[in-house]
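Examining the three-dimensional arrangement
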Amino acid sequence: MFSLLVASLTLLFLWLSYKSITKIVLPPAHFPQNIPTIPFYYTLIPLFQEVDQTELYRKYLEKPLTEWGAVKIFFGGHWNVLIARPSYMAQVLKYDEDFPKTGNHVKNPQSVLALYTGENIISAAGDTWKQFAALAKPALQTDVDVSIIVKNAHKLIRILVEDSHQSSTVDVPDYIQAYTIANVCESLLGSSFDALGNPKHPLLKLQREIKPKIFNPFYLNFPGLDKFCIPSREMAKRLVTRFKLKLASLVMQGHEHTCQPDSSNLGCRFLSAYKNKQLSEYHLQQNTLITFVAGHENTMILILSNLFILADEQGLQQQVREEVMTLSPEDRRKPDALAKLPLLTSIIFETLRLYPPLSQIMNKRTASDVMLGDNILLRAGTYTGYNGFCTNRNREFWGPDADIFRPSRWGETVNDMNMLYRRATSKATFITFHGGKRTCLGQKWALAAHRVTMSIFLTSVQWRLDPSWPRKMTPAGPLMPKGLRLQLKEINHA
């Protein structure tokens, strides 16, 4: 009798183990059978190898995504349908009610990442998102006061030049991050944290301590483990909680005045809504945090990508410098004047096309059974995402050289470029800022800040790649040059 009990328990254990393993290794039976499956270990490769995510894309994703338009992929503890074909993407972006946003607070509610990002203006859906968007839009879509950007950019240049005097090369990512943090905190959140030039600032230290824990590839792929009391994950949760409280506290300290609901400052609008009980303390923290994170990280990545490209293309760097120099010193600091420069505009658009900061996003879930295109049935509750790196390189739209950096493809005049930008966005062949109802609300602010930043770089310094830099992109997550190192030389205008 005892032997029979042991045998039964062993079989039960083996069966449960089998079910658990197959849930990870194989997509669910209800997933579409007429699209390829990416090997489940694909997203785990950065754990074991020093890789470049663009090389991983070429090896595992490019062919199936290009040929089939969508694939099944394991990520974030779930199987997902990853979409790249522009016609499919146009459907996803147009019919937001069929493909609503589903953040980590829903997808993996017990994870450290969910604690970090929570429900916010990017991850929320339905009426909650509409409430957040109504709060944020007036602040994000007003004319941008770039005096803060100009001040911080000149300070950044001074720091970089001083560092270049100490060493032949400069590791630029930490400096650029501190710069974009200063911009988003002062310009959008209305609080000065004095992070630029102060690497020991507590907020910077917390941010740099948290990121490796949150974006650990192993726990990103198996977030269910965060429900267990693993010491390192419990420490990560405490760090996240401290960071959110510290950030919200610093923003409040910057607004000792009475915040008005019609303020043009985003931080002030959040605080006013909180004091008027339109926002809970939780939603105040999460929207403040996502403004901080998305506002500084995406702009940081774009700057790094543009610096990399122009360091690699010395002739182009000089051409666009000469174009900027045709403007008066005052106009070189004005986004509207800079937006009229065709070469600068085409370089920025082409950088955004080839190197979208968030190259792959998994943040939607089907609300009901829906047919993707003509023949891909997605059952209700299917998690979906999209690969902008692939979609933005669609050869049918961009031509056979879609993988090549060629700014001239955007046209000769700024009007031509803006028309192509709108057409590509409407056809979902350029999805860097997403599209449809959920187009990035911070797009105007980000582009204005970037134009001014590049103008000040171009008129202040020359830069080239450090020859010893290994030319690698990040292994996973946000797409940018990994550990970019530059050689800088100050421009003497005398």
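Above: the structure in question.
Because the structure is predicted, anything quoted here is derived from the model rather than measured.

**What about the sheet that holds strand β4 (residues 360-365)?**
Strand pairing in a sheet is mediated by backbone hydrogen bonds. Such pairs are either parallel or antiparallel. Pairing is mixed in the open sheet, where four strands are placed in the order β1-β2-β7-β4. A strand with exactly one partner marks an edge of an open sheet, and here the two such strands are β1 (70-75) and β4. Adjacent strand axes in the sheet meet at a mean angle of 35 degrees, parallel and antiparallel pairs treated alike. Here helix α3 (residues 53-68) sits on the sheet and contacts β1, β2 (78-83), β4 and β7 (383-387); the angle it forms with β1, its principal contact strand, is near 140 degrees. Against the sheet, helix α4 (residues 86-94) touches β1, β2, β4 and β7, its axis set at about 115 degrees to β2.

**Some words on the sheet that holds strand β9 (residues 485-490)**
Taken together, the three strands give an open sheet; going across it, the order is β3-β9-β8, and neighbouring strands pair in antiparallel fashion. For this open sheet the edge positions go to β3 (170-171) and β8 (461-465), each flanked by a neighbour on one side alone. Summarising the sheet, β3 and β9 pair through two bridges and their orientation is antiparallel. Looking at the pairing, Val 170 lines up with Leu 486 of β9. Across the face of the sheet, helix α21 (residues 443-460) comes into contact with β8 and β9 while running at roughly 95 degrees to β8.

**Here's the deal with unusual backbone geometry**
Even without being glycine, Asp 194 reaches a positive phi, approximately 55 degrees. Tracing the chain through its elements places Asp 194 in the loop between α9 (173-188) and α10 (202-214). Positive phi outside glycine occurs at Arg 471, with the angle close to 55 degrees. On the secondary structure map, Arg 471 appears in the loop between β8 and β9.

**With respect to helix α13 (residues 266-275)**
Most of α13 is tucked away: eight of the 10 residues are buried. Those residues of α13 lying buried are Leu 266, Gly 267, Cys 268, Arg 269, Phe 270, Leu 271, Ser 272 and Ala 273. The inward-facing, buried residues of α13 contact α7 (126-140), α9, α12 (231-253) and α14 (281-312). Measuring from the side-chain oxygen of the N-cap residue of α13 to the backbone nitrogen of Gly 267 gives 3.0 Å; that N-cap residue is Asn 265.

**Section: the nonpolar core**
Judged by nonpolar contacts, the single largest core of 131 residues is most densely connected at Phe 292 and Trp 463. For this core, the leading source of residues is α14, giving 15 residues. For Phe 292, the residues in contact, after removing those within four places along its chain, are Ile 181, Val 184, Cys 185, Leu 189, Leu 203, Gln 207, Phe 243 and Leu 247.

What counts and how
Residues numbered from 1 in each chain as written. Predicted model: local features only at pLDDT ≥ 70, side-chain atom pairs only at ≥ 80, totals over all residues. Heavy atoms only, no water. Pairing = 2+ DSSP bridges. Helix = DSSP H or I, 4+ residues; strand = E, 2+ residues; numbered from the N terminus. Axes fitted to C-alpha atoms, helices over the stretch in contact; angles between N-to-C directions. Contact = heavy atoms within 4.5 Å. Buried < 20%, exposed > 50% of the residue type's maximum accessible area, 1.4 Å probe, protein only. Polar contact = N/O pair within 3.5 Å; in protein donor to acceptor, adjacent residues only side chain to side chain. Core = buried A, V, L, I, M, F, W, Y, C linked by side-chain atoms within 4.5 Å.

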